[in-house]
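# Observations on chain architecture
Spelled out from the first residue to the last, the chains are:
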Amino acid sequence: MGIEEEAKRLTKAKQEKFYDELVTLLLPAKRHIESHLYDSRLRERALERLDDVAIIARFAAELFKLK
């Protein structure tokens with residue numbers, strides 16, 4: 001395996017770890033919202049925004065790479 005291939009593999013692994021940890025950290029927030037807010041459009045919007053956070057962060061990680 002060449003150096004470039006190894007670097008790509010490590011970068012991909014780092015990005016996947018970042019995304020997995022982010023999703024894991026957002027799960028308690030989702031559960032909290034679901035447990036404490038009545039079923040309403042605002043509750044659904046709050047949950048949608050948490051999904052947006054994960055998607056935007058993943059996109060940013062892929063576009064700009066991670067620290």
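Look up a bit, the structure's there.
Being a predicted model, the structure only gives us computed values, none of them experimental.

This next bit is on the nonpolar core. Counting seven residues, the largest nonpolar core consists of Leu22, Leu26, Ile33, Leu47, Leu50, Ala54 and Ala57. Broken down by element, this core gets its largest block of residues, four residues, from helix α2 (residues 41-64). Residues contacting Leu50, with those up to four places away along its chain left out, are Leu26, Ala29, Lys30 and Ile33.

As a further point, take the packing of aromatic side chains. One pass over the full model with this rule turns up zero aromatic pairs. Cation over ring: Arg58 sits above Tyr19, and NZ or CZ is 4.3 Å from the ring centre.

Further remarks concern the pattern of salt bridges. A full pass over the atoms with the stated rule returns eight salt bridges. Across the pair Glu6 and Arg9 runs a salt bridge whose closest N-O atoms are separated by 2.7 Å. Placement of both Glu6 and Arg9 in helix α1 (residues 3-36) is noted, with a separation of three residues, approximately one turn of the helix. For Glu6, a relative accessible area of 27% puts it in the partly exposed group. On the accessibility criterion, Arg9 (42% relative accessible area) is partly exposed. Two residues, Glu21 and Lys17, come together in a salt bridge whose shortest N-O distance is 3.4 Å. Here the residue Glu21 and the residue Lys17 both occupy positions in helix α1, the gap between them amounting to four residues, near one helical turn. Since its relative accessible area comes to 41%, Glu21 is described here as partly exposed. Within this structure, Arg41, Glu48, Arg49 and Asp52 form a network of salt bridges that share partners.

Side chains that are three or four residues apart share a direction in an α-helix, a result of its 3.6 residues per turn. A rise of 1.5 Å per residue sets the reference length of α1, with its 34 residues, at 50 Å; its end C-alpha atoms lie 50 Å apart and thus fit the reference within 8%. Buried within α1 are the following residues: Gln15, Leu22, Leu26 and Ile33. In this fold, the buried residues of α1 make contact with α2.

Cut-offs used in this document
Residues numbered from 1 in each chain as written. Predicted model: local features only at pLDDT ≥ 70, side-chain atom pairs only at ≥ 80, totals over all residues. Heavy atoms only, no water. Core = buried A, V, L, I, M, F, W, Y, C linked by side-chain atoms within 4.5 Å. Buried < 20%, exposed > 50% of the residue type's maximum accessible area, 1.4 Å probe, protein only. Helix = DSSP H or I, 4+ residues; strand = E, 2+ residues; numbered from the N terminus. Contact = heavy atoms within 4.5 Å. Phe/Tyr/Trp six-rings, centres within 6.5 Å; stacked < 30°, edge-to-face > 60°. Lys NZ or Arg CZ within 6 Å of the ring centre and 35° of its normal. Salt bridge = Lys/Arg side-chain N within 4 Å of Asp/Glu carboxyl O. Expected span 1.5 Å × (residues − 1).

Geometry only, nothing functional implied.
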